Amino acid sequence: MIGNKTLAVPGPTNLPPRVARAMAVPLEDHRAPDMGEFIVPLLQDLKKIFRTETGHVLVFPGSGSGGWEAALRNTLREGDRVLGASFGQFSMLWVEMCCQLRLNVTNIDCRWGEATPVDAYRRALEDDKSHAIKAVLVCQNETATGVTSDVAAIRAILDDLGHPALLFVDGVSSIASIEFDMDGWGVDVAVAGSQKGFMMPTGLAIVGVSAKCMQLIAARSLRRGDTDIGYGYWDFAAMLNANKSGYFPYTPAMTLMRGLRESTDMLLEEGLNNVFDRHFRLAEGVRRAVAAWGLRPCAIDPATVSDTVTAILVPEGSDANDVIKAAYRRYGVSLGGGLGAVAGKVFRIGHLGWLNETMVLQALGGAELAMCDAGLAFAPGSGVGAAISYFNAQKPANLLAAE
Ligand SMILES: *Cc1c(COP(=O)(O)O)cnc(C)c1O
C-alpha cells in the first residue's frame, strides 16, 4: 500500500515519535547503581495520572489482562465471593477469569451496550449482610461496546451500606484518557495497560493499588493457607518492596519504562484535564458523524457513551465485518471489529491516545469509503462534514488564544 496506514482501533493506539525516540536506546542494566534515580520519580509521577497520593502504582511486564489477574491473585483466596457484571467482551472476560481462578462469582448478565448495573449492584450488596462479597468489579470503559460506567456511584453504594468489599476497576481503556480518580473514588486496584491511553506499545500492566489493599495483603500474608490462589508472578508486596529503592523483583521491561517516562511527561505537560477535554471533543466529533450517517452507537443509554471508543451498529441485514475488511484491504484503515456477542453487528472507531481532529477525520473518511464499498445506505461525506462542523465550532481555548 502506498501511504500511511490509519490505526483507528481502541488499542494499540498511535505511538508518538517522541515516545518512539525515547525507546530507541541501547539496552540497559536494570540493576545499575543509578537506576533508582530514574524509576522512583517515574513511579511517583504515575500516581498523578491515577490520581492517588496514598496508594501506589506498580508496573509489571504484561498486558491489561495480567493486571486483572494481579488484582485477583493478591487479594482473594479460592471460594471468595466476587460481584461482577458482563455487558461486553472485557467485563465478561474478567468475570470468566474469576471463575477460572475458582472464585465464587456473582455475575450479573446485562444486555451488551448497557453499563455496570448500579441498581443491581446495590441490591446484591444490600442482600450480602454477612459481607461475604470480598471484591466488586467495575469495567470503567467497556471497549467492546463503547460504554462508560459510573465508578463513583459504586463507591457511593459501598460507603452507604458500610460494605467493606474491595473495589477493583478495569481502567485499561479509560485511565489517562478520561476522568479517573483513584483516591476520590476509593478504588483499591485500578488496572491499566501501556497500549491505550499511555500511547505506548503493548507490554506493561500498570496497576494502581490502594493503601487499604496493601494493608490487607500484609495482614493476610501472615495467615496464608493452602486455599490461597497464590500471588505468583503478580506479587504486589514483593514488587512494592523492590520498587522502594527503584528496583524490581525480576527483569523489568526497561525499554518500555523509557517510553513510559516520555508518555507520562506528555500527559502531565498537556495537563490531565486538557487530555480529558480533548478526548471528549474528538469523541463528540465521531458521535456527530455517526448520527449524520443515520446510524446508532451500541451504547444503549446516551449518557454512557465512551469518549475513547465508539461502537457503531450497522443496519439489520448488513455485516459490519464487510466494512472492516474493505477499510483495511482497500484503504489501510484499521477499524475495531465486533467482539463476541456483537460480532458482525458493530464496527468500532478508537479515538484515544495521541490523536487530533485531523486524525479523527482520516478515520471517519476511511470508514465512509468502506461503508460505500459495503453497500451501506448513507450520504457520503455527511459524517466527515458533521465532524468538521463540530470541530470548527469547538476550537479549544488555546487555539483561540493563539489567533
Ligand atoms: C484492552 C482491554 C483489556 C485487555 O487488555 P490486554 O492488554 O489486551 O490484555 C481489558 N479491559 C479493557 C477495558 C480493555 O480495553
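Structure: above.
Presented here is an overview of the structure given in this document.

Thresholds applied
- Residues numbered from 1 in each chain as written.
- Predicted model: local features only at pLDDT ≥ 70, side-chain atom pairs only at ≥ 80, totals over all residues.
- Heavy atoms only, no water.
- Near = heavy atom within 4 Å.
- Areas by Shrake-Rupley, 256 points an atom, 1.4 Å probe, with all protein chains shown as cover.
- Helix = DSSP H or I, 4+ residues; strand = E, 2+ residues; numbered from the N terminus.
- Nonpolar A, V, L, I, M, F, W, Y, C, P; charged D, E, K, R; others polar.
- Salt bridge = Lys/Arg side-chain N within 4 Å of Asp/Glu carboxyl O.
- Buried < 20%, exposed > 50% of the residue type's maximum accessible area, 1.4 Å probe, protein only.
- Pairing = 2+ DSSP bridges.
- Axes fitted to C-alpha atoms, helices over the stretch in contact; angles between N-to-C directions.
- Contact = heavy atoms within 4.5 Å.
- Phe/Tyr/Trp six-rings, centres within 6.5 Å; stacked < 30°, edge-to-face > 60°.
- Lys NZ or Arg CZ within 6 Å of the ring centre and 35° of its normal.

A word on the site of the ligand
All residues in the neighbourhood of the ligand are listed as Ser 63, Gly 64, Ser 65, Trp 68, Phe 90, Asn 141, Thr 143, Asp 170, Val 172, Ser 173, Gln 195 and Lys 196. For the ligand, the protein covers 89% of the area, taking 380 Å² as the surface of the free molecule. Counting residues per element, the shell around the ligand draws most heavily on helix α3 (residues 64–75), at 3 residues. Taken together, the residues that form the shell around the ligand break down as 3 nonpolar, 7 polar and 2 charged.

Here we look at the pattern of salt bridges
It is possible for side chains bearing opposite charge to pair when their charged atoms get close. Tallied over the entire structure, the rule returns 20 salt bridges. Arg 278 serves as the salt-bridge partner of Glu 270, at 2.8 Å between the closest nitrogen and oxygen. According to the relative accessible area criterion, Glu 270 is partly exposed, its value standing at 27%. For Arg 278, a relative accessible area of 12% corresponds to the buried category.

Observations concerning the sheet that holds strand β2 (residues 56–61)
Spatially, β2-β10-β9-β8-β5-β3-β4 is the arrangement adopted by the 7 strands of the open sheet, whose pairing is mixed. In the strand order of this sheet, the two ends are held by β2 and β4 (104–109), each with one partner. Ignoring which end each strand starts from, the neighbouring axes of this sheet average 20 degrees apart. Here strand β3 (residues 81–86) runs beside β4; their pairing, made up of 6 bridges, is parallel.

Examining the sheet that holds strand β12 (residues 309–313)
The strand order across the open sheet built from 3 strands is β11-β12-β14, with neighbouring strands paired in antiparallel fashion. Looking at strand neighbours, the two that pair on one side only are β11 (296–297) and β14 (346–350), the edges of this open sheet. Taken together, the 5 bridges between β12 and β14 define a ladder with antiparallel strand orientation. Across the sheet, the residue bridging to Thr 310 is Ile 349, located in β14. Lying on the sheet, helix α10 (residues 272–293) is in contact with β11, β12 and β14; it crosses β12 at an angle near 10 degrees.

Examining the packing of aromatic side chains
A complete count under the given rule lists 9 aromatic pairs for this structure. Relative to Phe 236, the ring of Phe 60 lies with its centre 6.2 Å away and its plane at 40 degrees, an arrangement referred to as tilted. Taken as a pair, Phe 60 in strand β2 and Phe 236 in helix α8 (residues 236–243) lie far apart in primary sequence, 176 residues in all. Relative accessible area serves as the criterion here: at 0%, Phe 60 is assigned to the buried category. Ring centres 6.4 Å apart and planes at 80 degrees place the aromatic pair Trp 293 and Phe 378 in the edge-to-face group. Of the two residues, Trp 293 is situated in helix α10 and Phe 378 in the loop between α12 (357–373) and α13 (382–393); the sequence distance between them amounts to 85 residues. The pair Trp 293 / Phe 378 is uniform in exposure class, with both members buried. In this structure an aromatic cluster arises from ring pairing among Phe 60, Tyr 233, Trp 234, Phe 236 and Tyr 250. A cation over an aromatic ring shows up here: Lys 196 above the ring of Phe 90, its NZ or CZ 5.3 Å from the ring centre. Note that Arg 258 overlies the ring of Phe 38, its terminal NZ or CZ placed 3.8 Å from the centroid.

With respect to the environment of Glu 37
By secondary structure assignment, the location of Glu 37 is in helix α2 (residues 35–50). The sequence separation of Glu 37 and Gly 340 amounts to 303 residues, and the corresponding C-alpha distance is 45 Å.

So, to be careful, I would describe these as geometric facts and stop short of saying anything about function.
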